[in-house]
Amino acid sequence: MATMVSFHAHPDDECIACGGVIRKASEDGHRVVLVIATRGEHGEVPDGFLADGEELWQRRVAETHASAEILGARRVEFLGYTDSGMMGEPTNDVPGTFWTAPVEEAASRLAAILREENPDVLTIYDDHGTYGHPDHIQVHRVGMRAAELAGTPRVYQATMNRDAFMRRMESAPPDTERPEPPQDFGKPEAELTTAVDVSAYTKYKRQAMRAHASQISEESFFLAMPDEAFAVAFGTESFIRVGAPPGIAEHDLFG
């Protein structure tokens, strides 16, 4: 049995970015630890969704534990930083946000968990945070440094296969909803090293998304599409393994 630590910025990121590989690792008998940098305080929530006196962060923490149970993660930890909001918002620079945290300080917090778990694999995000969110970029910086501090041998940067996404959009039926991707999202296929087929686990990935009901509604792009279309769109999770030559040559994070 091996161990994987999957590091994310906010509640719900884990199921969107790595839900398939987390469930696959669990079913393969590996231990999975989920680490979240923030509690997602600046997420948007419909009026009347929360109970009287309930804070959004409280609901999102509970949703993360529910998602982790669905995906098979054995341990959930929060690093204790505050959500920074989208890039360019005033919340970016508020003291205590993840974006303002010194990389060395935050990396030390994550490295302490890595030393406890001694993982074979750590997942983080690519250097652009997949789509430019400040907390996602910080996950990359902090995760890279924490892996150095703890001596974690295999680090995978979760990303999107930009070329495959555009191919799917171009070949979709004319009446298919086409989400507008963020500028410079993901990475070109030629830069990837790893593509994991998680089509057997997309039902769990979707169930985990539903656990994050405060952020992912049944009318959302993720949940409104038919199961078959979801499996096609989200049935492969893409990564760049640190230190590996470019070109997709791996199909499992554990080698």
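Refer to the preceding data block for the structure.
Scope of this entry: the structure provided in the associated data block. (Residues numbered from 1 in each chain as written. Predicted model: local features only at pLDDT ≥ 70, side-chain atom pairs only at ≥ 80, totals over all residues. Heavy atoms only, no water.)

## Digging into the packing of aromatic side chains
Spelled out, the test is: Centres within 6.5 Å are what make two rings of Phe, Tyr or Trp a pair, Trp counting through its six-membered ring; a difference in plane orientation under 30 degrees is then read as stacked, over 60 as edge-to-face, and the rest as tilted. Each helix is a run of DSSP H or I of at least 4 residues and each strand a run of E of at least 2, with the numbering of both proceeding from the N terminus. Remark: exposure states derive from per-residue accessible area (1.4 Å probe, protein chains only) relative to the maximum for the residue type, with buried under 20%, exposed over 50%, and partly exposed in between. Our definition puts a charge over a ring when NZ of Lys or CZ of Arg is within 6 Å of the ring centre and also within 35 degrees of the ring normal.
Using the criterion set out here, one finds five aromatic pairs in the structure. A centroid spacing of 6.1 Å and a plane angle of 85° characterise the contact between Tyr156 and Phe239, whose relative ring orientation is edge-to-face. Of this pair, Tyr156 sits in strand β5 (residues 154-159) while Phe239 sits in strand β7 (residues 236-241), placing them 83 residues apart in sequence. Using a relative accessible area of 0% as the deciding quantity, one classes Phe239 as buried. Linked through ring pairs, Phe7, Tyr81 and Phe98 together constitute an aromatic cluster. Just above the ring of Tyr204 sits the side chain of Arg23; from NZ or CZ to the centre is 3.6 Å. Stacked on the ring of Trp57, the Lys or Arg Arg39 has its end atom at 3.7 Å from the ring centre.

## Here's the deal with helix α1 (residues 13-27)
Stated formally: By this rule the span expected of a helix is its residue count minus one, scaled by 1.5 Å.
Here α1 is 15 residues long and its end C-alpha atoms lie 20 Å apart, about the 21 Å a rise of 1.5 Å per residue gives. The buried count for α1 comes to 12 of 15 residues, which makes it a mostly enclosed element. Within α1, burial applies to Asp13, Glu14, Cys15, Cys18, Gly19, Gly20, Val21, Ile22, Arg23, Lys24, Ala25 and Ser26. At the exit of α1 stands Gly29, carrying a positive phi of roughly 95°.

## Some points on the pattern of salt bridges
Formally: Throughout this description, the term salt bridge denotes a Lys or Arg side-chain nitrogen within 4 Å of a carboxyl oxygen of Asp or Glu.
Following the criterion strictly, the structure yields 19 salt bridges and no others. Between Glu27 and Arg23 there is a salt bridge, with the nearest N and O atoms lying 2.8 Å from each other. With a gap of four residues between them, Glu27 and Arg23 both fall in helix α1, about one helical turn apart. For Arg23, a relative accessible area of 17% corresponds to the buried category. Here Lys187 makes a salt bridge to Asp127, at a shortest N to O gap of 2.7 Å. Taken as a pair, Lys187 in the loop between α5 (162-171) and β6 (194-197) and Asp127 in the loop between β4 (121-125) and α4 (134-150) lie far apart in primary sequence, 60 residues in all. Residue Asp127 is classed as partly exposed on the basis of its relative accessible area, which comes to 45%. Here the residues in one salt-bridge network are Arg31, Arg75, Glu77, Glu116 and Glu117, joined through shared partners.

## Quick look at the sheet that holds β4
Sheets are built from strands paired through backbone hydrogen bonds, the pairs being either parallel or antiparallel. Spelled out, the test is: Here, a strand pair is defined by DSSP locating no fewer than two bridges between the strands. Axis definition: a line fitted to C-alpha atoms, over the contacting stretch in the case of helices. Angles run 0 to 180 degrees between N-to-C directions.
Here seven strands make up an open sheet; going across it, the order is β3-β2-β1-β4-β5-β7-β6 and the pairing mixed. Looking along the sheet, the strands with just one partner apiece sit at the ends: β3 (75-81) and β6. Ignoring which end each strand starts from, the neighbouring axes of this sheet average 25° apart. Where β5 and β7 come together, four bridges link them in antiparallel fashion.

## What about the pairing of strand β1 (residues 3-8)?
The element β1 is extensively covered by neighbouring structure, given that six of its six residues are classed as buried. In β1, alternate side chains face the same way, and those of Thr3, Val5 and Phe7 on one face and Met4, Ser6 and His8 on the other are all buried. For β1 and strand β2 (residues 31-38), the ladder comprises six bridges, and the chain directions are parallel. The residue of β2 that forms the bridge with Met4 is Val32.

## Considerations on unusual backbone geometry
Unusually for a residue other than glycine, Asp12 sits at a positive phi of about 95°. Positionally, Asp12 belongs in the loop between β1 and α1. By relative accessible area, Asp12 is classed as buried at 10%. We note that Thr130 has phi near 70°; this positive angle belongs to a residue other than glycine. Secondary-structure assignment places Thr130 in the loop between β4 and α4. Thr130 sits in the buried class, given a relative accessible area of 12%.

Just distances and angles here, no functional claims.
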